[in-house]
Every structure is written in C-alpha cells, then in structure tokens.
Amino acid sequence: VLVGIIDTPEFQRLRNIKQTGVVYYVYPGATHNRFEHCIGVCHLAGQMVDKLSAQREITPVEKLCVQIAGLVHDIGHGPFSHLFDDCFIQEICETEWSHELQSCRVFDHIVETHEKVSSSLTAAGLTDIDLVFIKELINAKEYKSEDSWLFKGRPRDKSFLYEKTVCAPGRDTSFHCLF
C-alpha cells in the first residue's frame, strides 16, 4: 500500500520540494526535501503505533492508517514549502487554504485516479471510514473542540490515536511532534 502511494507522480513531486523552503539558497547544504521527510514520518508513525500497541488495542488497519497519514501529511505543499503557504497562496486564494487541507485533497485524488492504490487499500481492509480517519489525522486542527467529539473516523475511545499524532497548540498539525 505505502509503496503504491510513493510510486504515484503526486508523491514523487515531493522530491523537488525543499523541506527548508528558500533557506536552501543561503545554505546549499540544506538539501532536505519533502519526499525524504514524509517517508521518515511514515516510518516513525509506524514505530509510534508499535509502542502504543503495548498499552492500547490498535488494529493493523489503524496502524496502516496512521502510517499513510504520516506518508501523505505534506503532499499538499507547494514550491518553497511554508513560504508558499504563508505568503504566495494567501495573496491569490479566495478560499481557506492550508497545506494540510490540500494534502487531504491530493490524497483523495490519488485514491480516485490510481487504481493500483485504491485496490491495495481495499485489499488491506481499509474502508471509506478509514480514509476519513487518515484525513482527520492529516488535518486534525479542523476538528479540535473542547466540548464535543467531532471526529468521524474513530470513536472517542480511540482518542489516543489523535492525541498522540497531534502536536501542542500553536504547532503544525500531525506528526511534526515525532521529530
């Protein structure tokens, strides 16, 4: 499943998006890209779930969902990463835009247009609700509420999956806390 997503052109484009944005022009040795970052986050997400599963019940499908979310959480980044988000896109976009929301859109596009990916997701036992869960992990800040449970992908008794993957307030969502 993961390799199928990595093999898509949508994911491969991350090879050309610098993790450090324009810092690369000042420090040419800062060559980290979103491709490497996302693969690393996917790996760490799997390790995190393995550790959690010693204390909590986590299904193989839930582990795969967390890994997929880690893999695609930054697939919506534009050129120069956060500079694109914070400066350029805000000037031309009339609707709300974030790289997390765009990552969810790109993930939907991959599932809809790449038969190999969609069939491997189905073969791995993922359902539509699991795809919702993946997108909630990517864009969790949209669902945060003190008063009620707004998530649809998992019931409240699985809240630890969201809590362990979302960073402290003020930080970017999902998985950055793993580094």
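Peer 1: Got a sec to walk through the nonpolar core? Specific residues and values, please.
Peer 2: Counting 39 residues, the largest nonpolar core has Phe-11, Ile-68 and Ile-134 as its most contacted members. Put simply, the parts of the chain that give this core at least two residues each are helix H1 (2-6), helix H4 (34-52), helix H5 (60-72), helix H7 (99-113), helix H8 (115-123), helix H9 (128-138) and helix H10 (159-163).

Peer 1: Let's hear about the environment of Ala-140: which residues, and what values?
Peer 2: Within the fold, Ala-140 resides in the loop between H9 and H10. The class of Ala-140 is buried, set by a relative accessible area of 0%. Put simply, Ala-140 and Leu-150 are ten residues apart on the chain and 10.0 Å apart in space, counted from C-alpha to C-alpha.

Peer 1: Could you give an account of the packing of aromatic side chains, naming the residues involved and the relevant values?
Peer 2: The final tally for this structure, using the stated rule, is five aromatic pairs. Judged by centre distance (5.4 Å) and plane angle (80 degrees), the ring pair of Phe-133 and Tyr-162 falls under edge-to-face. In this pair, Phe-133 is assigned in helix H9 and Tyr-162 in helix H10, connecting sequence segments 29 residues apart. Neither residue differs from the other here; Phe-133 and Tyr-162 are each classed as buried. Members of the aromatic cluster, connected to one another through ring pairs, are Phe-133, Trp-149, Phe-151 and Tyr-162. The side chain of Arg-154 reaches across the aromatic face of Phe-133, ending 4.4 Å from its centre.

Peer 1: Could you give an account of the pattern of salt bridges, with specific residues and numbers?
Peer 2: Counting across every chain of the model gives seven salt bridges. In this structure, Asp-108 and Lys-135 form a salt bridge, with 2.7 Å as the shortest nitrogen-oxygen distance. Of the two residues, Asp-108 is situated in helix H7 and Lys-135 in helix H9; the sequence distance between them amounts to 27 residues. Linked through salt bridges whose partners overlap, the residues forming this network are Glu-62, Asp-130, Arg-154 and Lys-158.

Peer 1: I'd like to hear about the confidence of the model for the protein, residue by residue, with values.
Peer 2: When the pLDDT values of the protein are averaged, the result is 83; 79% of them are 70 or greater. The model gives residues 166-179 a pLDDT under 50, and that stretch makes 38 contacts with residues more than four places away or in other chains.

Peer 1: Would you mind going over a nonpolar patch on the surface in detail, with residue names and values included?
Peer 2: Among the surface-exposed residues, Val-22, Val-23, Tyr-25, Val-26 and Tyr-27 lie close enough to one another that they form a single nonpolar patch of about 530 Å² accessible area. In this structure, Tyr-25 sits in helix H3 (residues 23-26). Residue class for Tyr-25 comes out exposed when judged on its relative accessible area of 59%.

Peer 1: Lay out the packing of H7 against H9 with the relevant residues and their values.
Peer 2: Close contact between H7 and H9 brings their axes to 9 Å; oriented N to C, the two are set at 155 degrees. One finds that H7 runs roughly antiparallel with respect to H9. Between H7 and H9 lies a crossing whose hand is right-handed. Residues Glu-100, Ser-103, Cys-104, Phe-107, Asp-108 and Val-111 of H7 lie in contact with H9, whose contacting residues are Leu-131, Ile-134, Lys-135 and Ile-138. Its residues assigned to classes, the contact of H7 with H9 shows six nonpolar, one polar and three charged.

The rules behind these values
Residues numbered from 1 in each chain as written. Predicted model: local features only at pLDDT ≥ 70, side-chain atom pairs only at ≥ 80, totals over all residues. Heavy atoms only, no water. Core = buried A, V, L, I, M, F, W, Y, C linked by side-chain atoms within 4.5 Å. Buried < 20%, exposed > 50% of the residue type's maximum accessible area, 1.4 Å probe, protein only. Helix = DSSP H or I, 4+ residues; strand = E, 2+ residues; numbered from the N terminus. Phe/Tyr/Trp six-rings, centres within 6.5 Å; stacked < 30°, edge-to-face > 60°. Lys NZ or Arg CZ within 6 Å of the ring centre and 35° of its normal. Salt bridge = Lys/Arg side-chain N within 4 Å of Asp/Glu carboxyl O. pLDDT = per-residue confidence, 0-100. Contact = heavy atoms within 4.5 Å. Patch = residues over 30% accessible without salt bridge, like charges linked within 9 Å, V, L, I, M, F, W, Y side chains within 5 Å. Areas by Shrake-Rupley, 256 points an atom, 1.4 Å probe, with all protein chains shown as cover. Axes fitted to C-alpha atoms, helices over the stretch in contact; angles between N-to-C directions. Parallel < 35°, antiparallel > 145°, perpendicular 65-115°, else oblique. Left-handed = near helix turned anticlockwise from the far one by under 90°. Nonpolar A, V, L, I, M, F, W, Y, C, P; charged D, E, K, R; others polar.

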